[in-house]
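# Results of the structural survey
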Amino acid sequence: MTNIEHVLAEQEVFRYFPPEVQNHLAEYALPRKLERGEYLCRQGEIWPYVVYLSSGQLRWSMLSAAGKEHQLFVLDPGEMFWAHSFFDDQPMPASLKAVKEVEALVWSQDRLLPLFKRYPEALWAVTAKLTRIMREAREIIYGLAFQPVAGRLAGYLLDKIKVPGQETLEREMTLEDMAVALASSPEVVCRLLYQFQSEGIIKINRTQITFHDREALEKLVDLS
């Protein structure tokens, strides 16, 4: 089994297709590579595709009427993204932008729609996936609307820790990246980071953020 075929067999939607169909889909996959800062799709364009992210990171973010960017979520390796235009042929409500160098596989609407008509279990799996995404989006929007920026920043830092007990975070994200994720401004994020440092919660240098008081960060999240 090739790597692409293995990917398809493991995915929560594509695994409902029989092996011979998965083989065809592997052949139909369009490889895409993006540099940091490049867009896979932009808000406002009609983009009827499905994406599997092989490596890197994609940011799903929306521009406000004033032109300010707000991050809704980040797509990590091994995850799939089902574009809104795929289902309704309407413009995309947000953009997919490479946060890191990206390698992805893309399938077009005309390749997949006929298969969903033949394999309803796969269609049901898509429905379940989209419903879950809607629930997650509700939590994100609720947090942006009602959680103060200090609490959002504390939660953001805690979420970046991938290994239990890890106390040092590499500064791969810029102030602009953090501001987009928190629906704030770089100036506010910078001020809060140094406020956390002055209170002995974290230590900042050019390349790392070190946690000195994880409990204080958790309390900020709880108070928000």
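For the structure, see preceding data.
All values derive from a computational prediction rather than experimental measurement.

So, how was this worked out
- Residues numbered from 1 in each chain as written.
- Predicted model: local features only at pLDDT ≥ 70, side-chain atom pairs only at ≥ 80, totals over all residues.
- Heavy atoms only, no water.
- Pairing = 2+ DSSP bridges.
- Helix = DSSP H or I, 4+ residues; strand = E, 2+ residues; numbered from the N terminus.
- Axes fitted to C-alpha atoms, helices over the stretch in contact; angles between N-to-C directions.
- Salt bridge = Lys/Arg side-chain N within 4 Å of Asp/Glu carboxyl O.
- Buried < 20%, exposed > 50% of the residue type's maximum accessible area, 1.4 Å probe, protein only.

A few words on the sheet that holds strand β10 (residues 202–204). Read across the sheet, 3 strands follow the order β9-β11-β10 without closing on themselves; strand pairing throughout is antiparallel. On the outer flanks of this sheet lie β9 (168–170) and β10, each paired with one strand and no other. The average angle at which neighbouring strand axes cross in this sheet is 20 degrees, direction not considered. Bridging between β10 and strand β11 (residues 208–211) involves 3 bridges; their strand directions are antiparallel. Looking across to β11, one finds that isoleucine 204 is bridged to isoleucine 209.

What follows deals with the pattern of salt bridges. Counted according to the given criterion, the structure contains 9 salt bridges. Note that arginine 132 is salt-bridged to glutamate 12, the shortest N-O span being 3.0 Å. Residue arginine 132 is found in helix α5 (residues 120–146), and its partner glutamate 12 is found in the loop between α1 (3–10) and α2 (19–28); the two are separated by 120 residues along the sequence. Accessibility expressed as a relative area gives 35% for arginine 132, which makes it partly exposed. On the basis of relative accessible area, glutamate 12 is assigned to the partly exposed category, the value being 28%. Between glutamate 103 and lysine 33 there is a salt bridge whose closest N-O contact spans 3.9 Å. With glutamate 103 in strand β8 (residues 102–108) and lysine 33 in strand β1 (residues 30–34), this pair connects stretches of sequence that are 70 residues apart. For glutamate 103, a relative accessible area of 37% translates into the label partly exposed.

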